[in-house]
Each structure stands twice: as structure tokens, then as C-alpha cells.
Amino acid sequence: MLKNAKILLLASSVALVLCVFLGMNARGVRADTQQDGAYRQMDVYGEVLRHIQTDYVEDPNIDAVTNGALRGLLESLDADSSYLTPTDYKTYKADKGGKAQVGINVSKRYGYATVVSVVPGSPADKANLNDGDIIEAIGSQDTRDISLAMIQRLLEGNPGSELTIAVIRPRKADPEKIVLNRVVVSEPPVTETMYENASILYLKPVVLDHEHVQQVEAKLKAMQKSGNKKILLDLRDVSAGDMAEATRLANLVLKSGTIASLEGQKVAKQTFEADPAKTVNATAPLVVLVNRGTAGPGELVAAAIADNKRGDLVGEKTFGEGAQQKTFELPDGAALILSVAKYESPLGKKFQDDAVTPGTLVASNQDNLAGGDDDDDSVKTATTPAPAKRPAVQPDDQLSKALEMLKAKAA
């Protein structure tokens, strides 16, 4: 009898999540085709639970089974949707931000935490972490078993505290343990470089927040005075920031046309159009650099420029992020973080689903610099550098190609 009660409890938990998805209310609604399908799946799920409870090799931990099932249900939707247990959600709500970090932006891919981008000069950067590296574990916890929301919290901590992660790098079979010291990470200002006798203005923000977009705007306004005639905007590894600020940045170089749109099942479509009054330079030849670390705000800017034929994109296919989340609290103290709307490019491609593919594909030189397997499994720290694996001056084929294309454009 007790076993049946546990099965009923778990099935009820799944039903509660499905109710949120299907928009059911307390009075009940007539099931449509989608709801009928969900109910049939609940029958299957109940049968699976019965076999787990009665036939598994040992008495299972139903709480762990429940949490794993609900987490998997949410993560099957997209990387940004999460299920938080009552304990996790209490921790999540108590987090006021402002803690020390190691300088990595993460998402989930293949079930594991994956590095999207690294903040220049941060402990993660000094430890040679790169976009695409998979974080297999944080401390003793496997990231497959942690929601993205809680992974982001685990990466934070008090200044000076240690963070141990197990990282799987491209073309390396075994995870590498790395110890990082958390610090208060500050993003560097926008990098400005002149090429071709100052005719090309190179701008490199690391985040698209208000301060950094303001810096880009100021530099664009000073172009004529500095003798700059062409723009090279480097959005590689730009994944952090604000979508509204990304829209503002795109508007600086777009005088008309759609910048992006946002729409969801229950979120009315919003279309963001360029405002001519906010444009700074809509005519200078423009090339934008992107890579697999370009995500979210960076993708919005790149797609707006490409789809409006304002400039050319050079580099690699981007990461693929761009959803708006909403938190739903559950009666037992748990919570769902659901993607309720997705951003789309002017031509209607959802960043979360399609990412952004540049017209001119150029592979990253970092792929060619990855070493082979190491036999040394010792823990490496950011304060004790490993033998150098990179040349002192790395070639940058993506930058070279972008400059070549800009040189060929008439100013």
C-alpha cells in the first residue's frame, strides 16, 4: 500500500507540472488532442514507476526519482528551463547576486554544463578555459544532475573561495580537474583599435550592458573626428548582457527595418523596429565577427545587421540562445523556470533553435591549438599555470578575413 502511495505521489507531481504546461485551472477544462496525449503519457509514466518500485534491484529513493524525472522533463524543452526542488528554490530566492565568480558564462548542452564564453582576464581565462569546454562536475556534483539555474549559483561564492571543476576539453578523453579562485569579476571596457591608417575602427565589447553600449556609441560618434571610415564590430564570445541594450546597439548602425521580435505561446508578439533618431552611423561599411561563444544579446545584434543587409558576418555559427524566462512557484515550495518566449531575427529565425550562421565561415584558430590527451591527471590551478599550450602571439584568421573584406569595401 505504501509503494502504491509513493507512485501516486510521483504521478501527481508530474500531473502538476503538466497542468502548468497545458494551462489547466482548478475547475478543469475539456482535454484537447494535446492534453489527451499528455494523459496517455501519464499512464505510461505510472506504469514505468510501478516497475521501478516493484522490480528494481533495490528499493529506490522515490524523492530522487521524482526530482530527476521532473528535471529531465524541463530540460527536454530547452537548456534554460529548469525544475528547482523546494530546497533549491529557497537557495535560488535567497541569492541576491553580487558574489564573486570565476568569469564563465554557462548553458547546458548534451546534458552537461557547457562554457558559452569566458570573461577576458578572469580566473577562467587564466586557466585557459574556452567556449565549448564541458564542465562535467562542480566539486563532487555531476552537472547532469543539476539544473542550469543551480549550476549558475554553484559557480558563485565568496571572494577568494576555491571552486573545483572537472572539465572535458575538445579532443581530450579524460576530464581535467581545475581549481579556480573566485574573484569579483569586472568586464573590461570596450577595446578600440585602428587599422589601415585609422580608416578601420575595430570595436570589441565583452558584454552588452548599458555601460558598454554607451562606450560603443561614444566611439561611433567620434569616428569622423578620428578619421575612421569603416567599422569592424567584434562580437566573438559576447553572450552576456541585456536584450534591450543589444537592440539599442543594433539601432546605432541601423536607420530603418526590424531589429528583432519576441513571441511565445502566451506572450503577444513584440516587434522592435529601428528608430532613425537613435542611429549614429548607418552608412559606414561594416563587418561583424561572431563565433560559437556569441550568444543571446550578441546574436541579436549580428542577426539584425545581417538580415537587414547592413553588413557582413564573418566567423563561426553562434551558440544559440535567446529566450525569455518566467518562474512558476508550485504548492510544495518547488518552482519551474520556463522559457515563455523566444527572440527571432528579422527574417524569423529563432536564435534558440537556429543560432546565427555567418555568410563567411572561418574556423577559430583555437581549434587548431588544442593539445592531445594528457597523462597527468593532477589537479591544475589558475595560480599555478600549466605548461604553455598556446604560442605567445596567436594567429587570428577570422580577424584577418574580416579586415580583408573591409579593405575591399568602398568607404
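Residues numbered from 1 in each chain as written. Predicted model: local features only at pLDDT ≥ 70, side-chain atom pairs only at ≥ 80, totals over all residues. Heavy atoms only, no water.

Assigned secondary structure in the protein chain consists of 13 helices and 18 strands. The contacts in the protein chain between residues at least 6 apart in sequence include a share of 71% that link residues at least 24 apart. (Helix = DSSP H or I, 4+ residues; strand = E, 2+ residues; numbered from the N terminus. Contact = heavy atoms within 4.5 Å.)

With that out of the way, let us pick up the packing of helix α9 (residues 243-253) against helix α10 (residues 297-307). At their nearest, the axes of α9 and α10 sit 8 Å apart, and the two run at 30° to each other. As judged from the angle between their axes, α9 and α10 are roughly parallel. Along this stretch, α9 crosses α10, giving a crossing that reads as right-handed. Contacts from Met243, Ala246, Thr247, Leu249, Ala250 and Val253 of α9 reach α10 at Pro297, Leu300, Val301, Ala304 and Ile305. In terms of residue class, the contact of α9 with α10 is built from ten nonpolar, one polar and no charged. (Axes fitted to C-alpha atoms, helices over the stretch in contact; angles between N-to-C directions. Parallel < 35°, antiparallel > 145°, perpendicular 65-115°, else oblique. Left-handed = near helix turned anticlockwise from the far one by under 90°. Nonpolar A, V, L, I, M, F, W, Y, C, P; charged D, E, K, R; others polar.)

As a further point, take the pattern of salt bridges. Think of it this way: side chains of opposite charge can pair up when their charged atoms draw near. Enumeration according to the criterion identifies 19 salt bridges in this entry. Of the charged contacts, one joins arginine 144 and aspartate 142 as a salt bridge, the two residues approaching to 3.2 Å between their closest N and O atoms. Since its relative accessible area comes to 43%, arginine 144 is described here as partly exposed. A salt bridge links glutamate 245 to arginine 248; the nearest nitrogen and oxygen atoms lie 2.9 Å apart. One end of the pair is glutamate 245 and the other is arginine 248, both in helix α9 and three residues apart, which spans about a single turn. (Salt bridge = Lys/Arg side-chain N within 4 Å of Asp/Glu carboxyl O. Buried < 20%, exposed > 50% of the residue type's maximum accessible area, 1.4 Å probe, protein only.)

The strands that make up a sheet are held in pairs by hydrogen bonds between backbone atoms, and each pair lies either parallel or antiparallel. Within the open sheet, the six strands sit side by side as β8-β9-β10-β13-β14-β17. Their pairing is mixed. Of all strands in the sheet, those bounded by a partner on one side alone are β8 (191-195) and β17 (360-361). Relative to the sheet, helix α7 (residues 210-221) contacts β8, β9 (200-204) and β10 (230-234), its axis offset from that of β9 by approximately 175°. Sheet strands in contact with α10 are β10, β13 (286-290) and β14 (312-315), and its direction is about 140° off that of β13. (Pairing = 2+ DSSP bridges.)

So, about the side chain of threonine 318. Within the secondary structure, threonine 318 sits in the loop between β14 and β15 (323-329). Judged by relative accessible area, which is 5%, threonine 318 ranks as buried. Reaching out from threonine 318, the side chain makes a polar contact with the side chain of glutamate 299 at a distance of 2.6 Å. Once residues lying within four places of it in the same chain are set aside, the contact partners of threonine 318 are Val290, Asn291, Arg292, Thr294, Glu299, Ala355 and Val356. (Polar contact = N/O pair within 3.5 Å; in protein donor to acceptor, adjacent residues only side chain to side chain.)

As a general feature of sheets, a regular strand has side chains that alternate between the two faces. For strand β16 (residues 335-344), the tally of buried residues reaches nine of ten residues, placing the bulk of the element in the interior. Where strand β1 (residues 82-84) and β16 come together, three bridges link them in antiparallel fashion. Its bridge partner being in β16, serine 82 is matched across the sheet by isoleucine 337. Summarising the sheet, strand β11 (residues 258-263) and β16 pair through three bridges and their orientation is antiparallel.

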